[in-house]
Amino acid sequence: MEVLLKRAEKIRSLEIQGATNTALSAIEFLSEYAKTIKCTTLDECIMKLKEAKQILEQTRPTEPAMQNGLNFIMNKLKKCKGDICIEDVPRKIESFEEDYKALILNAKKKIAEIGANRIPKILKKTEYKDDFVVMTHCHSSVVTGILLKAKEQGKTFRVINTETQPKLQGRKTAKELLDAGIEVLHIVDSAMRWAVSTYQVDLIIIGADSITSEGTVLNKIGSRLLALVAHEEHVPFYVASPLLKYQPLTTVGFLEEIETRPSDEVWKDPPKNLRVLNPAFETVSRRYIDGLITEAGIFASSHAHWYFSRLYPDLVE
Ligand code: RUB
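Values in this document were obtained by computation on a predicted structure and should not be read as measured data.

Rules of the game
Residues numbered from 1 in each chain as written. Predicted model: local features only at pLDDT ≥ 70, side-chain atom pairs only at ≥ 80, totals over all residues. Heavy atoms only, no water. Near = heavy atom within 4 Å. Polar contact = N/O pair within 3.5 Å; in protein donor to acceptor, adjacent residues only side chain to side chain. Areas by Shrake-Rupley, 256 points an atom, 1.4 Å probe, with all protein chains shown as cover. 1 Å grid on protein atoms, 1.4 Å probe; cavity = no way out; pocket = protein on both sides within 12 Å on 5 of 7 lines; lining within 4 Å. Sits in = over half its atoms within 2 Å of the grid points. Pairing = 2+ DSSP bridges. Helix = DSSP H or I, 4+ residues; strand = E, 2+ residues; numbered from the N terminus. Axes fitted to C-alpha atoms, helices over the stretch in contact; angles between N-to-C directions. Salt bridge = Lys/Arg side-chain N within 4 Å of Asp/Glu carboxyl O. Buried < 20%, exposed > 50% of the residue type's maximum accessible area, 1.4 Å probe, protein only. Points joined across faces, edges and corners; volume = space filled by probe spheres on them. Domains from an automatic or database assignment.

Colleague: Quick one: what's the story with the site of the ligand, residue by residue and with numbers?
Modeller: Neighbouring residues of the ligand: 18 residues in total, closest T20, R60, S140, S141 and K245. Between the ligand and T20, the relevant distance is 2.5 Å, taken from an oxygen atom to a side-chain nitrogen or oxygen of the residue. About the coverage of the ligand: the protein hides 100% of its 450 Å² of free accessible area. Judged by its atoms lying within 2 Å of the grid points, the ligand is housed in the largest cavity.

Colleague: Before we move on, could you go through the sheet that holds strand β1 (residues 133–136) and cite the residues and values that matter?
Modeller: One open sheet holds the seven strands; their spatial order is β3-β2-β1-β4-β7-β9-β10, and the pairing between them is mixed. Because the sheet does not close on itself, it has two edges, and the strands there are β3 (183–187) and β10 (297–299). When the angles between neighbouring strand axes are averaged without regard to direction, this sheet yields 25°. With three bridges connecting them, strand β9 (residues 291–294) and β10 associate as antiparallel partners. Looking at β10, one finds that L292 is bridged to F299.

Colleague: Describe the pattern of salt bridges, listing the residues and the values that go with them.
Modeller: One pass over the structure, following the stated rule, counts 16 salt bridges. In this structure, the salt-bridge partner of K81 is D43, at a minimum N-O distance of 2.8 Å. Taken together, the positions of K81 in the loop between α4 (64–79) and α5 (89–116) and D43 in helix α3 (residues 42–59) put the pair 38 residues apart, joining distant regions of the chain. Judged by relative accessible area, which is 33%, K81 ranks as partly exposed. Classification of D43 by relative accessible area gives partly exposed; the value is 48%. The structure contains a network of salt bridges with shared partners spanning K129, D131, R158, E183 and D202.

Colleague: Kindly report on empty space enclosed by the protein, identifying the contributing residues and their values.
Modeller: Counting across every chain of the model gives two cavities of 30 Å³ or more. As a volume, the largest cavity reaches approximately 170 Å³. Forming the walls of the largest cavity are 19 residues, and the residues nearest its centre are Q17, G18, A19, H139 and D209. Among the elements of the structure, α2 (19–34), α6 (141–152) and β6 (217–220) are those that each provide at least two residues to the lining of the largest cavity. The element best represented in the lining of the largest cavity is α2, accounting for three residues. Split by domain, the lining of the largest cavity shows at least three residues from each of two domains, domain 1 (2–112) and domain 2 (115–315). When its volume is computed, the second largest cavity comes out at roughly 60 Å³. Around the second largest cavity, the lining comprises 13 residues; the ones closest to its centre are Q165, P166, K167, Q169 and K220.

Right, here's the structure in full:
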């Protein structure tokens, strides 16, 4: 248990960052934990795994890809309960972990291909504009996957990325894209409106942590601001996300929780009596999203439930 708690802390502290990495790590940690538990009955074993699942889920409340992954493993284990003995559990969990991992990685690969099609091969230069500019916010491995794919296809474009206060995940985006030879312009978050108009941004793509049944997307704080700027400036605004980030509980009325993080991430030693707030995510309404780029194609974010339930029927609540 001590090892599991240490690993869970890596997710909580953002040493492991982003919805996809969080989900992949959490299922791996559950699988590793399964190899260490000592039980006398299968029910005891399942109970201990459930406890571990809860610890992992509580590290970051706004992460359905992690919750769906942990549910995927536990549901499969419960289904085969009658046919296995205690000794089989670690191997079974590992194989379910591999299955979920494959779902995420295949989804990411498809999204990279579909999303890269939104970036033109041949740029129609005009008197006013001779480059294609994509903008993103924070660090989303799904978004960088699209941009790296487009680069691999020989496309030429520039990326504007926000630094993303207070944890500066934007630097990870900038380094990853620079290393691949993509030109990056790095800005402070509050310059996002300025950048969209000054550089005549052609396309904005952000990632997602959660998608609700109404087609609302939850992503890093600042995402709604960027969506509103896109709306005002008539710039196409896309969200790139595997459908595995769909929160099935929203279909039956539950509201997705917005993670609030420790205030010392914003200001370590603030003046006495000052309340420092650190909301980590915010919602972007479907009204401001031109399309959701998923493994099933690009469509309105309000269709997420329909596609999710067809692609992943085992995960529907
Ligand atoms: C990261 C963030 C990312 C999404 C998607 O926030 O908001 O846009 O998680 O990431 P944090 P990915 O750094 O707080 O985890 O596309 O890699 O799943």
